[in-house]
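# Breakdown of the fold
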Amino acid sequence: MKRIVTIQDISCVGKCSLTVALPIISAMGIETAVIPTAVLSTHTAFSEFTFCDLTPEIRPITQHWSREKFHFDAIYTGYLGSFQQLELVSEFIDEFKRAENLIFVDPVMGDFGRLYSGFTPEFAKAMARLCGKADIIAPNLTEAAFMLGEDYLGSGYSREDIELTLRALCRLGAKTSVLTGISFSPDELGVMGYDSERDAFFSYFNRRINADYHGTGDVFASACVGALMNDLSVEESLKIAADYTALSIQETIDAPDGRWYGVQFESVIPQLLEMMSRAKCGQNATRCTN
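Report follows, based on the coordinates. (Residues numbered from 1 in each chain as written. Predicted model: local features only at pLDDT ≥ 70, side-chain atom pairs only at ≥ 80, totals over all residues. Heavy atoms only, no water.)

### Overview of the sheet that holds strand S10 (residues 188-195)
Here is the rule we go by: By definition, two strands form a pair when at least two bridges between them are found by DSSP. Helix numbering and strand numbering both begin at the N terminus, where a helix is a DSSP run of H or I of at least 4 residues and a strand a DSSP run of E of at least 2. In what follows, residue pairs with any heavy atoms lying within 4.5 Å of each other are defined as contacts. A fitted line through C-alpha atoms represents every axis, and for helices the fit uses only the stretch in contact; the resulting angles, taken between N-to-C directions, go from 0 to 180 degrees.
If you trace the nine strands from one edge of the open sheet to the other, you get S3-S2-S1-S4-S5-S8-S9-S10-S11, paired in mixed fashion. The open sheet is flanked by strand S3 (51-53) and strand S11 (200-207), the only strands paired with a single partner. Alignment of strand S8 (residues 136-137) against strand S9 (residues 176-182), held across two bridges, turns out to be parallel. Its bridge partner being in S9, isoleucine 137 is matched across the sheet by serine 177. Sitting on the sheet, helix H2 (residues 55-68) is in contact with strand S1 (3-13), strand S2 (31-42) and S3, with an inclination near 165° to S2. Against the sheet, helix H3 (residues 83-96) touches S1, S2, S3, strand S4 (74-77) and strand S5 (102-105), its axis set at about 170° to S4.

Quick look at the structure:
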């Protein structure tokens, strides 16, 4: 069984970060180790919440795991809340990076043209340096703009604009860059990526759903990492992640007990596994029979 480690905060109530990553990736058949960077009573969309910073624990965990000679098939980072956490995670990657494992960085910092509270343009530059150590990065347009020191594209962009941004993101050091929340028409929303080693662009779009829920980016990134660890291509993994995220949003809209603080990704995990199974059969058609 493959093993990954994901490094991000955990909210005791609220569907984001580790409370999303751990169940999704585990359900996809991957052992999921965690380094919680903080514990919150709820996620930050609630009016009040408690916060316990676990930054002092990151280096001792790293050192202990190094002594135990643990191996990880992937390192997946999400929300990181300080310059010190960026530095410690960079050290962790240096310690556990191998030629054969995957580094996936979701540089969670902002949306809709603004950085989240507490983040600065200087922090975005530091995050860009962490992204330089990744194999795959998956920012949205806001995060990409701040990491590159460029103007936010907003909604009036062309395919050429997105291609230029993707190339610039790979120049930070990542092999593959992915932009989430991309749309070239009012009725669609999806992702576009660039593989710098193949000099190839790719994209995938769903029907736009007019709803906004906290944590959908974490659902997307977690499903993508899980699919990649099941030996699916980047393109196929992004397609599965996009479809699963859209399905989770629609499930929440349709559910009589749908909650505003996160999507009901749990109830559609069977569909996620079915999508993954079909994709794996497509790659191994001779071994899959009806």
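We are not done yet, so read on.
### Brief notes about the nonpolar core
In plain terms, the rule: Within this scheme, the nonpolar core is defined by two criteria: the residues are buried Ala, Val, Leu, Ile, Met, Phe, Trp, Tyr or Cys, and they are joined through side-chain atoms within 4.5 Å. Each residue is assigned to one of three classes by its accessible area relative to the maximum for its type, calculated with a 1.4 Å probe on protein chains only: buried under 20%, partly exposed between the two thresholds, exposed over 50%.
Judged by nonpolar contacts, the single largest core of 43 residues is most densely connected at Ile4, Ile24, Tyr76, Phe104, Tyr244, Phe265 and Leu272. Those elements giving two or more residues to this core turn out to be helix H1 (17-27), S4, S5, helix H7 (216-228), helix H8 (234-254) and helix H9 (269-283). Of all the elements, H7 adds the most residues to this core, at eight residues. Contacts of phenylalanine 265, omitting those with residues within four sequence positions, involve Lys15, Thr19, Val20, Pro23, Ile24, Val219, Tyr244 and Ser248.

### Overview of the state of the cysteines
Basically, it comes down to this: By definition, disulfides here are pairs of cysteine sulfur atoms that lie within 2.5 Å.
Taken as a whole and assessed by the stated rule, the structure comprises zero disulfides. A disulfide-free cysteine, cysteine 131 has its sulfur positioned 11 Å from the sulfur of cysteine 170, the nearest such atom. For cysteine 131, a relative accessible area of 0% puts it in the buried group. Cysteine 170 supplies the cysteine sulfur nearest to cysteine 224, a cysteine that is in no disulfide, at a spacing of 14 Å.

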